[in-house]
Structures are given as C-alpha cells and as structure tokens.
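Single-letter residue listing:
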Amino acid sequence: MESFLRKIKLIDDMTTELSISKSEFIARLSALVEESSLGLFSDLGDVFSSNRAEYKGRVDYNGFKLKRKRRFFDTKINIAIVTGTYRQVADKLVIDSKIVGFKGVMIFFFLFILLFYLLFIGTFLSNGIDSNMPTFVLPFMLVHALFMFGIPYFIMRRSVKRFKYDLEREYHYIAAKPLNYTSI
C-alpha cells in the first residue's frame, strides 16, 4: 500500500542537513509545537486554541510527529502529517522526514463512493436504453464520479507538496534563528 501511495505522490520523503546541534534544534522545534495527539478528531479544536504555536503534535529526543494547526479563515486545506527522526553527524544535524497526506479514514470514503457509483451505473445499465431515464445521465454521473474521486486526491497531493515546501523553509528558519541573548 505504501509503495502505491508513493507512486501517486501521497507519501514523500525529505532529508535535510542543518548546521545546528541536535539539542538546540529540538528545543527550538518544541517551541513551535503545541503538545497534542494527532488522532482522528484532533482537528476539531484547532481554531479555538489559544496557543500561538504553528504546529501540533509531539517532539522528543528520538523524533517528532506533527502537523500544521488549522486557523480561522484558512483556505489552505492541509491534512498532511510529518514524522521524522534526527541524527547528529559531526557538526551537522541530519533530519529524515516522511510526509503522509493520506489518512486511513479516506479508504471508507472511497469505498462508499465506489459502491454508490457502481450501484447507480449498474441500475442504469440494467434498465436499458428503452427506459424513461434520459441518456445524458450516464455521462453526467461518470464526470461526477471523476470529480468525487479526483478532488480529494488532489487536495491530499497538494497538501503533501505544500507541507514539504513549508517544512523545508521552517527547518532552515529554525537553524538560522539567532539565539536570544539578553544585554545587561
């Protein structure tokens, strides 16, 4: 299943090298992440959260799992989740990230839609041409099915692509962010 999702670009990998220590990166990333679970209904309270963190999930010494929080009036539908690990190689930090845009609940959605269209088209074809049903209904339903399968796919694919771009920028921003020194 994972190889199929990679072929249709709903899973993507990214490796980034940064000139920062592992502990410093973890501290800076933790400041941007609200500690939360990423369950099925975890998106419901995002817009009401008073925490100003950009992401939600978990960050620890071994790795991280996070996603972008939803905001009011945010038109970017971002459903991708990133899981990653980091390792220190000499003076460089290597971050291996896996971005997944496909959620398991979408399997039920696609199966339900497929069953609906198979039932409808089967009923249409079993009635035959002699029935009172107009002939434009079948092409219309095929185009409608194309949209019902295509739109969620392109939303998930765009989510992976956008999150990969944003994450690459965020990693470099975290590494380049100056330390907060207080002057006396």
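Predicted model, so just to flag it, every value in this text is computed and none were measured.

J.: So what's going on with the packing of aromatic side chains? Residues and values would help.
T.: Inspection of every chain in the model, using the stated rule, returns eleven aromatic pairs. Ring geometry for Phe64 and Tyr86: centres 5.6 Å apart, planes at 25 degrees, overall stacked. Of the two residues, Phe64 sits in strand β4 (residues 63-68) while Tyr86 sits in strand β5 (residues 81-89), which places them 22 residues apart along the sequence. According to the relative accessible area criterion, Tyr86 is buried, its value standing at 5%. Note that Lys22 overlies the ring of Tyr61, its terminal NZ or CZ placed 4.1 Å from the centroid.

J.: Explain the pattern of salt bridges residue by residue, including any values.
T.: The tally for this structure, following the rule as stated, stands at ten salt bridges. The shortest N-O distance in the salt bridge between Arg6 and Asp13 comes to 2.7 Å. Judged by its relative accessible area of 39%, Asp13 is partly exposed. In this structure, the salt-bridge partner of Asp96 is Arg87, at a minimum N-O distance of 2.4 Å. Here Asp96 falls in the partly exposed class, since its relative accessible area comes to 26%.

J.: Tell me about unusual backbone geometry, residues and numbers included.
T.: Negative phi characterises most residues that are not glycine, and trans characterises most peptide bonds. Its identity as a non-glycine residue notwithstanding, Lys9 has a phi of 65 degrees, on the positive side. In this structure, Lys9 sits in the loop between α1 (2-7) and β1 (11-18). Positive phi is not limited to glycine here, since Ala90 has a value of about 60 degrees. Mapped onto the elements of the fold, Ala90 is located in the loop between β5 and β6 (92-100). For Ala90, a relative accessible area of 72% puts it in the exposed group.

J.: Summarise a positive patch on the surface; cite the residues concerned and give the values.
T.: There is a patch of like positive charges on the surface, built from Lys9, Lys76, Arg158 and Lys161. On the basis of relative accessibility, which here comes to 47%, the residue Lys9 falls in the partly exposed class.

J.: With reference to specific residues and values, describe the side chain of Arg162.
T.: Mapped onto the fold, Arg162 is located in helix α4 (residues 137-176). Despite its burial, Arg162 pairs with no opposite charge; the closest candidate is Asp166, at 5.6 Å N-O.

J.: I'd like a description of the environment of Thr15, backed by residues and values.
T.: Structurally, Thr15 can be placed in strand β1. In this structure, the C-alpha to C-alpha distance between Thr15 and Gly84, residues 69 residues apart in sequence, is 9.4 Å. In this structure Thr15 touches Val94, Ile95 and Asp96, once residues within four positions along its chain are discounted. Among the polar contacts made by the side chain of Thr15, one reaches the side chain of Asp96 at a distance of 3.2 Å.

J.: Explain the sheet that holds β5 residue by residue, including any values.
T.: The six strands lie next to each other as β1-β6-β5-β4-β3-β2, forming an open sheet whose pairing is mixed. Looking at strand neighbours, the two that pair on one side only are β1 and β2 (33-35), the edges of this open sheet. The average undirected angle you get between the axes of adjacent strands in this sheet is 30 degrees. With eight bridges joining them, β1 and β6 adopt antiparallel strand pairing. Within β6, the position partnered with Thr15 by the bridge is Asp96. Sheet strands touched by helix α2 (residues 22-32): β1, β2, β3 (55-59), β4, β5 and β6. Its angle to β2, the strand with the most contacts, is close to 75 degrees. α4 contacts β1, β3, β4, β5 and β6 of the sheet and is inclined by roughly 15 degrees relative to β1.

Quick notes on the rules
Residues numbered from 1 in each chain as written. Predicted model: local features only at pLDDT ≥ 70, side-chain atom pairs only at ≥ 80, totals over all residues. Heavy atoms only, no water. Phe/Tyr/Trp six-rings, centres within 6.5 Å; stacked < 30°, edge-to-face > 60°. Helix = DSSP H or I, 4+ residues; strand = E, 2+ residues; numbered from the N terminus. Buried < 20%, exposed > 50% of the residue type's maximum accessible area, 1.4 Å probe, protein only. Lys NZ or Arg CZ within 6 Å of the ring centre and 35° of its normal. Salt bridge = Lys/Arg side-chain N within 4 Å of Asp/Glu carboxyl O. Patch = residues over 30% accessible without salt bridge, like charges linked within 9 Å, V, L, I, M, F, W, Y side chains within 5 Å. Areas by Shrake-Rupley, 256 points an atom, 1.4 Å probe, with all protein chains shown as cover. Lys, Arg positive; Asp, Glu negative; His and termini not counted. Charge placed at Lys NZ, Arg CZ, Asp CG, Glu CD. Contact = heavy atoms within 4.5 Å. Polar contact = N/O pair within 3.5 Å; in protein donor to acceptor, adjacent residues only side chain to side chain. Pairing = 2+ DSSP bridges. Axes fitted to C-alpha atoms, helices over the stretch in contact; angles between N-to-C directions.

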